[in-house]
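# Examining the three-dimensional arrangement
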Amino acid sequence: MSIPPIAPIMPLGIINSITPTGLEASGSSGEGASKAGADFSKFLKDALGEVDALQSKADTATLALATGQVQDLSEVMVALEKASLSLTLTVATRDKVIDAYNQIMRMQI
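These remarks concern the structure in this document. This structure is a prediction, so every number in the text was calculated from the model and none was measured.

### Observations regarding the overall build of the chain
In terms of regular secondary structure, the chain is built from four helices and zero strands. Ordering the α and β elements of the chain from the N terminus gives α-α-α-α. With 109 residues in all, the chain has 7% of them scored as buried.

Structure below.
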């Protein structure tokens, strides 16, 4: 039974000669950050537009129910519940973002 020897430790000179790869090597980190910011902005705008559309659809369904144009109550209830859930999620997300912002502002430098 033989035990294999332990590999020697690399000298520090080899570690320093490693070249950066990925984002660090490209040198244009500002372009990527602005693209990511634009993508997030578009995503946020689309999500808020969808919440607004669900709220409008729920209002329309409620009005149609009140005027007697809707025969199926379940359609109205589904539209109202979708609008309620989307608004609840939006408010919870906003609260988390505000809480994170406040925590960052309280950090001491």
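### Observations regarding the pattern of salt bridges
Throughout the structure, instances matching the rule amount to two salt bridges. One salt bridge connects D95 with R94, and the closest N-O pair in it is separated by 2.9 Å.

### Quick notes on helix 4 (residues 73-106)
Taking 1.5 Å per residue, 34 residues should reach 50 Å; helix 4 reaches 49 Å between its end C-alpha atoms and fits that length. Buried within helix 4 are the following residues: V76, A79, A83 and S86.

### Quick notes on the layout of surface pockets
Estimates place the volume of the largest pocket at around 380 Å³. Lining the largest pocket are 14 residues, and of these L44, A47, L48, T90 and T93 lie nearest its centre. If one sorts the elements of the lining of the largest pocket by residue count, helix 3 (residues 29-66) sits on top with eight residues. Considered class by class, the residues forming the lining of the largest pocket number nine nonpolar, three polar and two charged.

Calculation notes
- Residues numbered from 1 in each chain as written.
- Predicted model: local features only at pLDDT ≥ 70, side-chain atom pairs only at ≥ 80, totals over all residues.
- Heavy atoms only, no water.
- Helix = DSSP H or I, 4+ residues; strand = E, 2+ residues; numbered from the N terminus.
- Buried < 20%, exposed > 50% of the residue type's maximum accessible area, 1.4 Å probe, protein only.
- Salt bridge = Lys/Arg side-chain N within 4 Å of Asp/Glu carboxyl O.
- Expected span 1.5 Å × (residues − 1).
- 1 Å grid on protein atoms, 1.4 Å probe; cavity = no way out; pocket = protein on both sides within 12 Å on 5 of 7 lines; lining within 4 Å.
- Points joined across faces, edges and corners; volume = space filled by probe spheres on them.
- Nonpolar A, V, L, I, M, F, W, Y, C, P; charged D, E, K, R; others polar.

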